[in-house]
Structure formats: C-alpha cells, structure tokens
Amino acid sequence: MAETLLVTGGAGYIGTHTLVELIGAGVRPVVFDDFSTGSRAALQRVAGITGVEVPCIEGDVRDAAMLDRVFAEAAASGEPVGCVLHLAARKVVNESVADPLRYYDNNVHGTLVLLQAMQRAGIRRFVFSSSANVYGEPEFQPYTETHRISPATPYGQSKAMIEQVLRDVCVSDPGFSAVTLRYFNPIGAHPSGLIGEDPRGTPDNIFPYITQVAVGKLPELAVFGDDYPTPDGTGVRDYLHIVDLARGHVHAVEHAERAPGFTVVNLGTGQGTTVLELVRAFERASGRRVPYRIAPRRPGDIAEAWADPGLAHELLGWRAQYTIEQMCADGWRWQSANPDGYGGA
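Scope of this entry: the structure provided in the associated data block. (Residues numbered from 1 in each chain as written. Predicted model: local features only at pLDDT ≥ 70, side-chain atom pairs only at ≥ 80, totals over all residues. Heavy atoms only, no water.)

This part takes up the overall build of the protein. Summing up its helical and strand segments, the protein has 11 helices and 14 strands in all. Whereas a compact globule of 345 residues would reach a radius of gyration of roughly 20 Å, the protein reaches 19 Å, a difference of no more than 12%. Over its C-alpha atoms, taken along the principal directions, the protein stretches across nearly 55 × 45 × 40 Å. Relative to its full complement of 345 residues, the protein shows a buried share of 53%. Within the protein, residue pairs in contact and separated by at least 24 positions form 80% of the contacts whose partners lie at least 6 positions apart. Carbon and sulfur atoms form 50% of the exposed surface of the protein, whose accessible area is close to 14,400 Å². (Helix = DSSP H or I, 4+ residues; strand = E, 2+ residues; numbered from the N terminus. Rg over C-alpha atoms; globule rule 2.2 N^0.38 Å. Buried < 20%, exposed > 50% of the residue type's maximum accessible area, 1.4 Å probe, protein only. Contact = heavy atoms within 4.5 Å. Areas by Shrake-Rupley, 256 points an atom, 1.4 Å probe, with all protein chains shown as cover.)

Here's what the structure looks like:
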C-alpha cells in the first residue's frame, strides 16, 4: 500500500522547494494550504521542474472536520497519509508582537487541531517546522540543541509551545515520532530560477529586500545597526540555501520512519555572515549595486546567531552543501527572471 505525505503550507516558499526534493526522493506529497501566503502558480512551477502534478487541497489546519475528511479519503483511496510535514504557520516576528493572539491561534491552536485529527486517524509520524527563534538571547555560540529555550517574541514562543506539545505527545505515545527542525535563515532559490521567495508587500526578511532593491522595486536597504561587536559592526546570521533546507526535510521524514520519539535538530551551515558581507556577496553574484543606509538597531535584535549543525549530520545524515555565493546567485536568478514574483507570471 502506497503512503502519502501531507504537507501543510506546501504552496509557500519553503514548502514548494521541499516538494521538489521530496518528489526527487520518491515521496508522494499532497499539499494542504489555505493560500494566505502560498501560491498556486508556484505549485505549477513545481510541476514544471519535477514533471509531477502535486495534488492540492485548499483548507485551514484549524478546520478539524476537513482534516478528518482528508485523512479518511486518503485511507479509502488506498494511499493513506503516513506522515505529516507541518510547515503551515504565520512567521513575521514584528507582526507577532503587534498581534500575538493571531499567532497563538494560527500556530499553536492550528497544530493542536492537526495533531488531534492525526490521532483520530491513527497517524503517528510528524515533522515540524520550528525556528532558531526559540533560543532567544544567546548564552553561548554557536547554538546547540541543548541551549536554553527563551524566545523573545510571540512568534518564537508559539514554536516553543508546539515543541513542548510534541515532547508530551511522544511521552504519552511511545510509538509516536516527531522530528522538529529548528531553521536558521533560509535564503536563495531553486537553481532553475522557476521558484523562489515571493513575499506579499514589503519584505520582512533581509534577503528578498536585497533582491528587490537590486531589481529596482525598492530604493535602498536599511541596515539596522552598525555598532555590534562583530567584524564590521553589523549583525551576524547563519544563512542557509533553501535547497539545503528542503533536503533537510527529506532526511527528517526518513528519520521519522525509523525512530519513534521526539527529535530536535538545528538546520544551519554553522557559518556566520554579517549583513554587509551578505550585501557584498550579492553584489558580486548579481553585478548590481545594492544601496543601503544605516538605521538604528531594532529592539530585540542580537549581535550574532549561528548554528551548530553537528547533530543534524549525526542523526539525519544531513549537511549543508551550498555557499553564500551560490545562495546569492540562485536568489538573483529567481528575482531577475521574476521581478514581480509569481504575480508577473
């Protein structure tokens, strides 16, 4: 009997790149997405890259009755859902501070509804999209998975809450498998240039902001703070190619099949890059100048954050492959070919 992998939020930036890697690994994914940030055009591009039309169900993970129908219909078809890859979440840090109830409802409540529906359907494998935001102010660098959990925002807190729920579920059901992936800073795009990051409105993350400045959609980049104790005074982050991140999900799904219990791993390169180093790498890759101005530090920003990815290699057999230069080149290929994102398709 063939099994299905349900990918919530599968039409988004991370989801579409992950679909490509899952299909390449022989996995049969089905997308469940409310299209609040995802794109149907992106799913069509995934089909163009892989030659596979990915089934898609439009729905909200807070809709218990709909989830019950999805799981029941999959079982009746002879292709039951064997694992859920949960990517659906709101993820804008500043927005979570302004509207925390929305984040706890969507992220925490939505995950509880999903887990309850899985329990009713007898599905016991789960891969969760978490974040390095759960760590908060660093006690030490690089972050290991044993670092104190002390998120500084409702977004990070929502991820930490879900992680605790998954730990408790695994204790209550020793046969349940939950793999939690703490992402660092995914950037770039698929090397084909067909899919990439397409934020709605002004980007909240630095890399799409850089690419939109380079393509002429935005006038300049604001660099928040140049007086940190770092090589050039700007913040240091661990930037990770989106394809490396996507491949990490394939390894996590495989791990969930063979190892019950709760597993948490960082996904990062283990290398820190300053904001200005990222800007210069992008300028070299694109041949475009990226004008920027120095702005005041933002409340809550920390000087440095990068991963110790050793456990991901040890447990999942995963290691990042792409360099910062490749991340920039692939991100520019996407943005220059799609200056208006999927809206220009």
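What follows is about the sheet that holds strand β6 (residues 177-183). Reading across the sheet, the seven strands line up as β3-β2-β1-β4-β5-β6-β11 and stay open at both edges, with parallel pairing between neighbours. Among the strands making up the open sheet, the edge pair consists of β3 (56-58) and β11 (261-267). Ignoring strand direction, the axes of neighbouring strands in this sheet form an average angle of 20°. Two elements, strand β5 (residues 125-131) and β6, share seven bridges in a ladder whose sense is parallel. Looking at β6, one finds that S129 is bridged to L181. (Pairing = 2+ DSSP bridges. Axes fitted to C-alpha atoms, helices over the stretch in contact; angles between N-to-C directions.)

Inspection of the entire model under this criterion finds 18 salt bridges. Two residues, R124 and D173, come together in a salt bridge whose shortest N-O distance is 2.5 Å. Taken as a pair, R124 in the loop between α5 (100-121) and β5 and D173 in the loop between α6 (154-172) and β6 lie far apart in primary sequence, 49 residues in all. The class for D173 is partly exposed, based on a relative accessible area of 22%. (Salt bridge = Lys/Arg side-chain N within 4 Å of Asp/Glu carboxyl O.)

Moving on to the sheet that holds strand β12 (residues 273-274). The strand order across the open sheet formed by three strands is β12-β9-β14, and the pairing between neighbours is mixed. Each end of this open sheet is capped by a strand with a single partner; those strands are β12 and β14 (304-305). Judged from the two bridges that link them, strand β9 (residues 236-237) and β12 form a sheet pairing that is antiparallel. Within the sheet, the bridge partner assigned to R237 lies in β12 and is T273.

Here α5 is 22 residues long and its end C-alpha atoms lie 31 Å apart, about the 32 Å a rise of 1.5 Å per residue gives. Bending of α5 peaks at approximately 25° at the position of H109. Residues Y103, N106, N107, V108, G110, T111, V113, L114, L115, A117 and M118 constitute the buried set of α5. Contact partners of the buried residues in α5: β1 (4-8), α3 (64-76), β4 (81-86), α4 (93-98), β5 and α6. (Expected span 1.5 Å × (residues − 1). Bend = angle between axes of the 7 residues up to and from the residue.)

Now for the nonpolar core. Counting 40 residues, the largest nonpolar core has V127, L181 and L267 as its most contacted members. Put simply, the parts of the chain that give this core at least two residues each are β1, α1 (13-24), α2 (40-50), β4, β6, α8 (242-258), β11 and α10 (310-316). The element that contributes the greatest number of residues to this core is α8, accounting for seven residues. The residues contacting L181, other than those within four sequence positions of it, are V127, F128, S129, S130, S131, G248, H249, A252, V265, L267 and L316. (Core = buried A, V, L, I, M, F, W, Y, C linked by side-chain atoms within 4.5 Å.)

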